[in-house]
Amino acid sequence: MAATPPQHPIIRGDALDFYLSQGYYRMHQDLFTCRFLPLDDDLYTVHWLRLRLAAVHYGPAQRRLLRLNEPFIVTIRPFQLTAEYEALYALYRSTITFDAPETVEAFLLAGATHNVFSTHVLEVRDKEQLIAVGIFDSGARSLAGIMNFYHPAYRRYSLGKYLMLLKTNYARLHQKTYYYPGYLVHGYSKFDYKLFPCLAATEVFDALNGGWLPFNWNTVAAHSAELLTGWPRKTWPRTTLAKQAAQLPNGPPADKLPGQPWELIGTEAR
């Protein structure tokens, strides 16, 4: 007798592990990858990251941040979209200086009524007040950080970085092997905060050869130069550059031009 398929299927944990290991990441209810990001009339290269959790050791900065935020209450629960999350995100979005989707729903679901990922939420509260939310997906051996946002009045607590540490701790507690925080961009420092949990345990994906290497900036620079080989280094109008990039192997989807969610999905909003 054939097994009855589940009414609401989700991506198997081992399947998510595989795609993350190949430089893919969540976009809404799909998986995607990219190698290029057009910004400010120039073309930048994308470099996917992961942490080897067994090698993670916190230094003074990480321990200091964990101590600073000890008074806050942390709760982990399965993801269910709430008005409270949307209200906090709207407040957060009103103060940021980079493009971001208008709502949490647009970021994660984009109109879908069923979430195909195994998604959880880290809630951080100051007494009763929700001050930060971190959203992540779980595979069999991996955890992918999808989204972080926080109350602007608590900026001095570095809650985006704090949520990354909480995700790292959760992944280690549940005996995961890797934590994938998304990508950084060579020559564009806004994404460098993803190195905060533990630089020594961070690996970078070699998109041309399909493997992971210990992170260092020389490796990233070499990968960037290889990816850009043959690309004319000149200033392009931003829309034209985005359309050109969409035609490159593993460029952004053609319908996701700058200003659309693909600029942030695969990263964690800080």
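Residues numbered from 1 in each chain as written. Predicted model: local features only at pLDDT ≥ 70, side-chain atom pairs only at ≥ 80, totals over all residues. Heavy atoms only, no water.

S.K.: Can you explain the pattern of salt bridges? Please cite residues and give values.
M.R.: Here the structure, examined in full by the defined rule, presents seven salt bridges. In this structure, Arg-52 and Glu-203 form a salt bridge, with 3.0 Å as the shortest nitrogen-oxygen distance. Linking Arg-52 in strand S4 (residues 42-52) with Glu-203 in strand S10 (residues 202-206), this pair joins segments that are 151 residues apart in sequence. For Arg-52, a relative accessible area of 32% corresponds to the partly exposed category. The class for Glu-203 is buried, based on a relative accessible area of 10%. Notably, a salt bridge pairs Glu-123 with Arg-125, separated by 3.4 Å at the nearest N-O pair. Here the salt bridges share partners, and the residues they tie into one network are Arg-77, Glu-84, Glu-123 and Arg-125. (Salt bridge = Lys/Arg side-chain N within 4 Å of Asp/Glu carboxyl O. Helix = DSSP H or I, 4+ residues; strand = E, 2+ residues; numbered from the N terminus. Buried < 20%, exposed > 50% of the residue type's maximum accessible area, 1.4 Å probe, protein only.)

S.K.: Tell me what's going on with the packing of aromatic side chains, and back it up with residues and numbers.
M.R.: Going through the model one piece at a time under the given rule, you end up with 20 aromatic pairs. Ring plane angle 75 degrees and centroid distance 5.3 Å describe the contact between Phe-18 and Tyr-19, whose orientation is recorded as edge-to-face. Residue Phe-18 is classed as partly exposed on the basis of its relative accessible area of 46%. When its relative accessible area of 35% is taken as the criterion, Tyr-19 is described as partly exposed. Taking 6.4 Å as the distance between ring centres and 45 degrees as the angle between the ring planes, the aromatic pair formed by Tyr-92 and Phe-149 counts as tilted. Of the two residues, Tyr-92 is situated in helix H3 (residues 83-93) and Phe-149 in strand S8 (residues 142-150); the sequence distance between them amounts to 57 residues. Given a relative accessible area of 1%, Tyr-92 falls into the buried group. A network of ring pairs unites the aromatic residues Tyr-25, Phe-32, Tyr-44, Trp-48, Tyr-183, Tyr-188 and Phe-191 as a single cluster. Between Arg-50 and the ring centre of Tyr-178, over which it is positioned, the NZ or CZ distance is 3.7 Å. (Phe/Tyr/Trp six-rings, centres within 6.5 Å; stacked < 30°, edge-to-face > 60°. Lys NZ or Arg CZ within 6 Å of the ring centre and 35° of its normal.)

S.K.: Describe in detail helix H6 (residues 217-227), supporting the description with residues and values.
M.R.: Looking only at H6, the buried set comprises Thr-219, Val-220, His-223, Ser-224 and Leu-227. In a view along the axis of H6, the buried residues occupy a sector of 135 degrees, so they form one face of it. Where H6 is buried, its residues contact strand S3 (36-39), S4, strand S9 (178-185), S10 and strand S11 (211-214). Here H6 starts with a cap whose side-chain oxygen sits 3.0 Å from the backbone nitrogen of Asn-218, and that cap is Asn-216. (Arc of directions from axis to C-beta. Contact = heavy atoms within 4.5 Å. Polar contact = N/O pair within 3.5 Å; in protein donor to acceptor, adjacent residues only side chain to side chain.)

S.K.: Describe the packing of helix H2 (residues 60-68) against helix H5 (residues 159-173), naming the residues involved and giving the relevant values.
M.R.: Following both chains from N to C, one finds H2 and H5 inclined at 100 degrees, their axes separated by 10 Å at the closest point. Taken together, the axes of H2 and H5 are roughly perpendicular relative to one another. In this structure, H2 uses Gln-62, Leu-65 and Leu-66 to contact H5, whose residues at the interface are Lys-161, Tyr-162, Leu-165 and Asn-169. Broken down by class, the residue content of the contact of H2 with H5 amounts to four nonpolar, two polar and one charged. (Axes fitted to C-alpha atoms, helices over the stretch in contact; angles between N-to-C directions. Parallel < 35°, antiparallel > 145°, perpendicular 65-115°, else oblique. Nonpolar A, V, L, I, M, F, W, Y, C, P; charged D, E, K, R; others polar.)

S.K.: Got a sec to walk through the nonpolar core? Specific residues and values, please.
M.R.: In terms of nonpolar packing, the biggest core is built from 74 residues, with Trp-48, Leu-108, Ile-135, Met-147, Phe-149 and Leu-159 touching the most fellow members. Here the element with the most residues in this core is H5; it accounts for eight residues. Phe-36, Leu-43, Leu-227 and Leu-228 belong to the second-largest nonpolar core, a separate cluster that totals five residues. (Core = buried A, V, L, I, M, F, W, Y, C linked by side-chain atoms within 4.5 Å.)

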